[in-house]
Amino acid sequence: MYAFVDRPVETLCNSGRFLLWAMRGWTAAVARRNCPPRALHNGFAAVGASPALSEFHAAMISLGAGAREEITLAPMCCRQIGEDEAILIALWHDMAQDRVAAAQATLALLVEPDCVVPASTALAAASLKLAAAGFTLSPHSMNHQENRS
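S.K.: Can you help me understand the pattern of salt bridges in this one?
M.R.: Going through the model one piece at a time under the given rule, you end up with four salt bridges. The partner of Arg24 in a salt bridge is Glu85, and the shortest N-O contact between them spans 2.6 Å. Residue Arg24 is located in helix α1 (residues 14–31), and its partner Glu85 is located in helix α4 (residues 83–96); the two are separated by 61 residues in the primary sequence. Across this residue pair, the class does not change: Arg24 and Glu85 are buried.

Below, the structure written as structure tokens:
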């Protein structure tokens, strides 16, 4: 988590920036009382990730519905990664690396106990679909400079 907090968004690789865009866009759509999948559809389609949208939506619902405290994401225009965003990015990393126990330990701090397994399951499904679409969410790939080779 601390590897991402307060960093400029542009230091993330394309996969990381897309994930952050999707999370921010999802919360912005909810705040406007719009349908998040409809709001995000064109963005997911543009990068070939349409099959991951429903699982991503389910993961975000799981995180929001069972949250112990409100999870705050910055507006789209914010150029820094916020604390809650850094936690979520680290959570996605753990899931992408199949570190389910670590992800569930983080989730236990974020959501109510009865929401840990459903949220973990939703995150795992979304991570698999994003990976199938070519997204790399491992910690080593999230640094923009490491992706230049």
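S.K.: Explain the packing of aromatic side chains here, please?
M.R.: Aromatic rings considered in pairs are described by the distance between their centres and by the relative angle of their planes. A complete count under the given rule lists six aromatic pairs for this structure. Each ring, one from Phe18 and one from Trp21, has its centre 5.3 Å from the other, and the planes form 35°; the classification is tilted. Remark: Trp21 and Phe18 occur in helix α1; sequence separation between them is three residues, near one turn of the helix. For Phe18, a relative accessible area of 10% corresponds to the buried category. When its relative accessible area of 28% is taken as the criterion, Trp21 is described as partly exposed.

Thresholds applied
Residues numbered from 1 in each chain as written. Predicted model: local features only at pLDDT ≥ 70, side-chain atom pairs only at ≥ 80, totals over all residues. Heavy atoms only, no water. Salt bridge = Lys/Arg side-chain N within 4 Å of Asp/Glu carboxyl O. Helix = DSSP H or I, 4+ residues; strand = E, 2+ residues; numbered from the N terminus. Buried < 20%, exposed > 50% of the residue type's maximum accessible area, 1.4 Å probe, protein only. Phe/Tyr/Trp six-rings, centres within 6.5 Å; stacked < 30°, edge-to-face > 60°.

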